[in-house]
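Notes for the structure review
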Amino acid sequence: MNAEAANPATPGSVTSGHVTPAVTRRKARPRLDLRRLGRAALLGPATRDRLPDAIGHVVDAHRAHHPDADLETLRRAYVLAESSHRGQMRKSGEPYITHPLAVTLILAELGAETTTLTASLLHDTVEDTDVTLDQVGEQFGEEVRYLVDGVTKLEKVDYGAAAEPETFRKMLVATGNDVRVMSIKLADRLHNMRTLGVMRPEKQERIAKVTRDVLIPLAERLGVQALKTELEDLVFAILHPEEYEHTRELIVRNAARADDPLADVADDVRKVLRESDIAAEVLIRPRHFVSVHRVSRKRGRLRGADFGRLLVLVNEDADCYAVLGELHTCMTPVVSEFKDFIAVPKFNLYQSLHTAVAREDGQVVEVLIRTHQMHKVAEAGVVALGNPYAAPPEEQSAGDGERVDPTRPGWLSRLLDWQRGAPDPDTFWSTLREDLAQDREITVFRPDGGTLGLPEGATCVDAAYAQYGEDAHACIGARVNGRLATLSTVLKDGDTIQLLMGQDPASEPSREWLEHAHTPAARIAIQRWLTAHPAQDDVPGPEAVAVSRPLRDDPAVPQAPEAAPGRPVAAQVLVDRAGATVRLAGCCTPVPPDEVTGFAVRGGAVTVHRVGCAAVARMKSAGRAEVGVRWGEGSECRVTLVAESFVRPHLLADLTEAMATEGAEIVSATVEPPERQQVRHTYTVQLPDAAHLPALMRAMRNVAGVYDVSRAQPQTPGA
Ligand code: MN
């Protein structure tokens, strides 16, 4: 449902209040009449001070959103663009100027401000004509120059090379300082996609894939739903022609039906709202093709109500909840479908209430409720937010970092931060793609009343970095919904999270956090720290030691087996003495692939220690002879593990149960007295298979309240 959160019709067709079935709407969609524009462009600008006919559509659309706009700049931009592109043709045979005009019209209809439109008219001049950037700057100012430069760079970047990390990185850098560059790029891509039919099929496919992988996710993030959904349908038609055709047939067949459940419910809703004196517009929003396709994949056979949704537009925020109340009182709500994207907005600017009502015949009708202003933003996203250099509107609170500066939405600033912080283009690219692929989002609440928007699957580690940035290195634990939880805990929509921060300024993130970090912000911050602190990082812990050299060169002494780090091979110890009883030392509890050595003890037994154990040094200095030992093909191992946890009821029971589930037999356990709400458990366990140790440690870490599990460090025995 989220992915279709803001199903588009073009703004014009919605505000008209005209109810049209999907198919006819698509035909009637107010698109640029290219032929007419082409003719007007061929005739050239009429007179010096009159607006050229060809730009009339743009001007009308622009005036509808900005009645006081200065049209002189637009006129000059058109004259320059038209004269410099004159003689150039598009592949379709039309004059080139039809393209910048069409792009500009798309933006004007979305409500873009004059500077964006000016740059949009000129967006291909520097790339394709004799006009230079300096000329653009001289005639239209630095802002327009910056935007044109950005689009020109993007043009070079994404044709044919969008999937390459370095070029994509450049693409974001070009956009970096002003998201309006991306708005123009999206409109440019939309027009190119609309007119892609003249290209060779392979080229169509390549461009469609880039659109799918890069431009559509960006449109989603920028909140430009109107562009996003049309791009989706265009890509769908090219990459999945058969499914597209099938979907089209479904829509056509549905439109031909005599009864329309959506229209019936719309009438019911109008009646309910009229009786309760709430001024509202009730419209039917046909789903776009991709949305119909998704729903049909999900539900199988489609019923009439599945082909669209109701949109209720009101004047005030509070009216949204009034409408919701009436619908939930007077109709049969499907409560599980209710979502409040007003109180808890998605971070791409989208705001709406979502609910659904059931008809007597069982058909469910989805209803979106929003104000006219929310609707404008839902359709046009950042494009509708106006001139970013103007004084910010009052409703933009500084408390919500995602909404303060429309030219640099929070995620874009973060992208640019990662771009600087990422160790290499590949890391950046892969994390970015993952981030863009994350359609679904969850919102978690902070105790101070604030919220954090996170991708689905995010953990407490992600929440910590989202809230504290690099200071999250000092995070020591978290409470989720009031209960202590491990940092690996996966958060759910609506959870309340309280992050527990340590006081030590030199706190270090745990390498293991990387496993639990899903957001690029967290992963890159942790990686950056690890890269910057190689000294600590490169000292291998006992689990990371690969036994790569023999204990000794003496052929009489058996050698330690080769073993990959973290992949214990066996736990049986073979000793260079027939019949010896082997005992693994309790002080350092060696397990494969630890480097080990042995000492004969009373009674002919051999005790096996890790070579780094303090006892080894002590016995060697006391003149005791070492006995060669190596790991054999056995299976069992005994190991001592330390679990650091927060104090909570049932911790001991939960931990021991988790260990038993992993097949560990607990040989001994000690629990130290808790200190500052933290407690340390030490377990010595017998494992049937040493290779299972990492899984056991993971299972223990996953117990709520446990924040670290490690192997016991070698100690001086008998101390
Ligand atoms: Mn272009």
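Below or above, wherever it landed, is the structure these notes cover. (Residues numbered from 1 in each chain as written. Predicted model: local features only at pLDDT ≥ 70, side-chain atom pairs only at ≥ 80, totals over all residues. Heavy atoms only, no water.)

So, on to the overall build of the chain. Secondary structure assignment for the chain yields 28 helices and 21 strands. The 719 residues of the chain split such that 52% are buried. Residue pairs in contact within the chain that sit at least 24 positions apart in sequence constitute 69% of those at least 6 positions apart. Taken as a whole, the chain presents about 32,000 Å² of accessible surface, with 50% of it coming from carbon and sulfur. (Helix = DSSP H or I, 4+ residues; strand = E, 2+ residues; numbered from the N terminus. Buried < 20%, exposed > 50% of the residue type's maximum accessible area, 1.4 Å probe, protein only. Contact = heavy atoms within 4.5 Å. Areas by Shrake-Rupley, 256 points an atom, 1.4 Å probe, with all protein chains shown as cover.)

Let's shift gears to the sheet that holds strand β13 (residues 582-584). With mixed pairing, 4 strands are arranged side by side in an open sheet as β13-β15-β14-β16. The strands lining the two open edges of the sheet, one partner per strand, are β13 and β16 (626-627). (Pairing = 2+ DSSP bridges.)

Looking now at the environment of Gln363. Tracing the backbone shows Gln363 in the loop between β5 (353-358) and β6 (364-371). In this structure Gln363 comes out as buried when scored by relative accessible area, which is 10%. Not counting residues up to four positions away in its chain, the partners in contact with Gln363 are Pro261, Arg303, Gly304, Ala305, Val357 and Ala358. A distance of 3.4 Å separates a polar atom in the side chain of Gln363 from the backbone nitrogen of Gly304. (Polar contact = N/O pair within 3.5 Å; in protein donor to acceptor, adjacent residues only side chain to side chain.)

For the manganese ion, every protein donor is listed as His99 (NE2), His123 (NE2), Asp124 (OD) and Asp188 (OD), and the spread of their distances is 2.1 to 2.4 Å. Counting along the primary sequence, the residues that act as donors to the manganese ion give the motif H-x23-H-D-x63-D. Linking His99 in helix α6 (residues 98-110) with His123 in the loop between α7 (114-121) and α8 (125-128), this pair joins segments that are 24 residues apart in sequence. Both residues of the pair, His99 and His123, count as buried. (Donors = N, O, S within 2.8 Å, 3.2 Å for Na, K, Ca; no water.)

The next point concerns the state of the cysteines. Counted by the stated rule, this structure contains 0 disulfides. Here Cys475 stays unpaired: no disulfide links it, and the sulfur of Cys460, its closest cysteine neighbor, is 7.8 Å away. (Disulfide = S-S within 2.5 Å.)

Okay, the pairing of strand β18 (residues 637-646) next. For β18, the tally of buried residues reaches 9 of 10 residues, placing the bulk of the element in the interior. With 5 bridges joining them, β18 and strand β21 (residues 706-711) adopt antiparallel strand pairing. Directly across from Val642, in β21, lies its bridge partner Ser710.

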